[in-house]
There are 2 protein chains.
Amino acid sequence: MQFLEEQILKYGKICPHSVLKVDSFLNHQVDVSIVTELANAIYDHYKDSGVTKILTVESSGIPLACMTASAFKVPFIFAKKKRTINLSDQVFKSAVHSYTTGKYSEIMISAEYLGKDDKVLIVDDFLAKGSALRALIEIVEDSGATLVGTAVAIEKGFQGGGDMLRKEGFKVYSLSIIDKMTESKIIFRGD
Amino acid sequence: MQFLEEQILKYGKICPHSVLKVDSFLNHQVDVSIVTELANAIYDHYKDSGVTKILTVESSGIPLACMTASAFKVPFIFAKKKRTINLSDQVFKSAVHSYTTGKYSEIMISAEYLGKDDKVLIVDDFLAKGSALRALIEIVEDSGATLVGTAVAIEKGFQGGGDMLRKEGFKVYSLSIIDKMTESKIIFRGD
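All values reported here derive from a predicted model rather than from experimental measurement.

**Structural notes on the packing of helix H2 (residues 32–46) of chain A against helix H3 (residues 62–72) of chain A**
Residue and element names in this part refer to chain A.
Part 1 of the reasoning: Relative orientation of the contacting elements H2 and H3 amounts to 55°, with a least axis distance of 8 Å. Classified by the interaxial angle, the pair formed by H2 and H3 is oblique. Seen along the crossing, H2 lies across H3 with a hand that is right-handed. Across the interface between the two elements, Val32, Val35, Thr36, Leu38, Ala39, Asn40, Ile42, Tyr43 and Tyr46 from H2 touch Pro63, Leu64, Met67, Thr68, Ala71 and Phe72 from H3.

Laid out in structure tokens, this is it:
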């Protein structure tokens with residue numbers, strides 16, 4: 001999506017260890033007009049799939065999930081990283097592997113909000129190794145709901161998670177795919 | 001706001017220790033059509049105040065902040081509870097007191113996203129003792145920005161935080177104020 005690539009080139013900051021900071025518009029400060037454009041593109045891609053729920057994980061997936069849910073006119077759920085008083089006793093849970101810390105952490109949703117009649121679209125801001133998406137996919141599978149597909153704003157193609165998921169047959173719609181990142185340059189797939 | 005009071009009576013669940021669960025539409029599963037109505041009411045209330053930024057804290061404030069920012073056509077920032085790679089070295093930070101755990105925890109935002117030219121509206125889902133709002137107010141004051149006011153979906157009036165803030169001169173706009181909650185009944189202010 002050329003629009004997003006332009007925003008990344010304009011506002012993104014390349015940091016050490018292949019970190020791309022887009023916190024001026026996507027995941028700390030949020031430019032809702034930009035996120036709305038991204039959500040509309042996701043809607044266009046999946047609009048004929050009968051989506052009944054959007055699923056993401058707190059916190060940085062929430063803005064994109066919110067605007068995507070608004071476009072689809074369906075609710076969204078954000079999986080929690082901590083058990084809070086707001087969670088039911090019955091949860092669907094899964095583990096996310098962090099490549100930064102090397103640790104696994106649990107994410108969970110109240111079981112009452114996902115069931116076999118749901119058609120779920122998973123949305124997140126970033127896709128690198130794919131661990132968060134895999135954990136969300138596992139939650140959808142456990143719930144008995146149908147997974148329609150996944151959508152992310154920025155895929156770090158060079159970390160391989162997206163292509164691995166595609167190879168396994170999952171639908172991964174990325175609004176931008178970065179195939180190479182150096183200290184001074186970002187190369188998008190198709191460039 | 002009668003619309004929100006109706007949603008609370010319809011979907012809210014009263015739990016022990018004065019916990020009101022509204023996680024079917026506000027802060028776990030999110031009904032964006034409801035949240036949009038709430039955001040529009042906040043916009044109506046503050047639309048002539050020259051708001052340039054919306055500020056909230058992760059995670060459950062994000063959906064309402066997102067739709068409110070969309071109504072105002074301004075960006076929003078969500079304060080983080082953990083220092084992540086997405087945060088700058090320069091941050092504005094403050095401490096939130098949890099009445100559940102008795103502990104203080106830090107919240108922070110990158111300093112570059114708030115400055116003296118900003119007019120800030122603070123938004124959150126719940127207001128009980130007021131600790132989160134106070135922490136966000138402190139961040140706004142530290143940044144040199146002007147605080148326009150605060151807005152929350154549900155104020156637990158019986159916990160006193162909102163009235164205390166009002167007494168100190170802060171603008172607190174609550175879309176619903178619960179003055180009493182028993183095991184089976186919710187009494188809203190003005191009922």
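**Focus on the environment of Val74 of chain B**
Part 1 of the reasoning: Summarising the element assignment, Val74 of chain B is placed in the loop between helix H3 (62–72) and strand E5 (76–79).
Part 2 of the reasoning: A relative accessible area of 11% places Val74 of chain B in the buried class.
Part 3 of the reasoning: Here the alpha-carbon distance between Val74 of chain B and Ser24 of chain B, two residues 50 residues apart in the chain, equals 27 Å.
Part 4 of the reasoning: Val74 of chain B has contacts with Val32 of chain A together with Val51, Thr52, Lys53, Ile54 and Ala69 of chain B, leaving out every residue within four places of it along the chain.

**Re the interface of chain B and chain A**
Put simply, an interface is often sized by how much accessible area is lost when its parts join up.
Part 1 of the reasoning: The partner chain A presents 35 residues to the 35 residues of chain B that form the contact.
Part 2 of the reasoning: For the chain B and chain A pair, buried surface summed over both sides reaches about 3000 Å², with 57% attributable to carbon and sulfur atoms.
Part 3 of the reasoning: Between the two partners, chain B and chain A, sit two salt bridges.
Part 4 of the reasoning: Between Lys13 of chain B and Glu112 of chain A there is a salt bridge, with the nearest N and O atoms lying 2.9 Å from each other.
Part 5 of the reasoning: Joining chain B to chain A, the criterion identifies 19 residue pairs in polar contact (both at pLDDT 80 or more).
Part 6 of the reasoning: Among the elements of the structure, strand E2 (19–21), strand E3 (29–30), H3, E5 and strand E7 (104–110) of chain B are those that each provide at least two residues to the side of chain B that touches chain A.
Part 7 of the reasoning: Here the residues of the side of chain B that touches chain A are counted per class, giving 18 nonpolar, 10 polar and seven charged.
Part 8 of the reasoning: Pairing geometry for strand E3 (residues 29–30) of chain A and E5 of chain B, over two bridges, is antiparallel. Of the residues in E5 of chain B, the one forming a bridge with Gln29 of chain A is Ile77 of chain B.

**Things to note about the pairing of strand E5 (residues 76–79) of chain A**
Part 1 of the reasoning: Where burial is concerned, the two faces of E5 of chain A agree: the one with Phe76 and Phe78 of chain A and the one with Ile77 and Ala79 of chain A are both buried.
Part 2 of the reasoning: Each parallel crossover has a hand, and for strand E4 (residues 53–57) of chain A linked through H3 of chain A to E5 of chain A it is right-handed.

**A closer look at helix H1 (residues 2–11) of chain B**
Residue and element names in this part refer to chain B.
Part 1 of the reasoning: If you check which residues of H1 are buried, you get Leu4, Glu5, Gln7 and Ile8. Considered in projection along H1, the buried side chains sweep an arc of 160° and stay on one side of the axis. In H1, the exposed positions that point more than 90 degrees away from the buried face belong to Gln2, Leu9 and Lys10.
Part 2 of the reasoning: Those residues of H1 that are buried are in contact with E2, helix H2 (32–46), strand E9 (146–156), strand E10 (172–181) and strand E11 (186–188).

**Overview of the pattern of salt bridges**
Part 1 of the reasoning: Summed over the entire model, instances satisfying the criterion amount to 20 salt bridges over all chains.
Part 2 of the reasoning: The shortest N-O distance in the salt bridge between Arg134 of chain B and Glu168 of chain B comes to 2.7 Å. Residue Arg134 of chain B is located in helix H4 (residues 131–143), and its partner Glu168 of chain B is located in the loop between helix H5 (161–167) and E10; the two are separated by 34 residues in the primary sequence.
Part 3 of the reasoning: According to the relative accessible area criterion, Arg134 of chain B is partly exposed, its value standing at 30%.
Part 4 of the reasoning: Taking relative accessible area as the criterion, Glu168 of chain B reaches 44% and is therefore assigned partly exposed.
Part 5 of the reasoning: For Asp163 of chain B, the salt bridge is made with Arg189 of chain B, and the minimal N-O distance between the two is 3.0 Å. Of this pair, Asp163 of chain B sits in helix H5 while Arg189 of chain B sits in the segment after E11, placing them 26 residues apart in sequence.
Part 6 of the reasoning: For Asp163 of chain B, a relative accessible area of 28% gives the class partly exposed.
Part 7 of the reasoning: Shared partners join several salt bridges into a network, and the residues in it are Glu155, Asp163, Arg166, Asp179 and Arg189 of chain A.

**Describing the relation of the copies chain B and chain A**
Part 1 of the reasoning: In screw terms, the move from chain B to chain A is a rotation of 180° and a rise of 0.0 Å along the axis, fitting with an RMSD of 0.0 Å. In the structure described here, the two chain copies are related by an operation that fits a two-fold rotation axis. When C-alpha distances to the rotation axis are compared across chain B, the minimum falls at Ser59 of chain B, with a value of 2.7 Å.
Part 2 of the reasoning: Most of the interface of chain B is mirrored in chain A, where 100% of its interface residues again form contacts.

Cut-offs used in this document
Residues numbered from 1 in each chain as written. Chains lettered and ligands numbered in written order. Predicted model: local features only at pLDDT ≥ 70, side-chain atom pairs only at ≥ 80, totals over all residues. Heavy atoms only, no water. Axes fitted to C-alpha atoms, helices over the stretch in contact; angles between N-to-C directions. Helix = DSSP H or I, 4+ residues; strand = E, 2+ residues; numbered from the N terminus. Parallel < 35°, antiparallel > 145°, perpendicular 65-115°, else oblique. Left-handed = near helix turned anticlockwise from the far one by under 90°. Contact = heavy atoms within 4.5 Å. Buried < 20%, exposed > 50% of the residue type's maximum accessible area, 1.4 Å probe, protein only. Buried area = accessible area lost by both parts, 1.4 Å probe. Salt bridge = Lys/Arg side-chain N within 4 Å of Asp/Glu carboxyl O. Polar contact = N/O pair within 3.5 Å; in protein donor to acceptor, adjacent residues only side chain to side chain. Nonpolar A, V, L, I, M, F, W, Y, C, P; charged D, E, K, R; others polar. Pairing = 2+ DSSP bridges. Right-handed = clockwise from strand over helix to strand, strands pointing away. Arc of directions from axis to C-beta. Least-squares fit on C-alpha atoms with pLDDT ≥ 70 in both.

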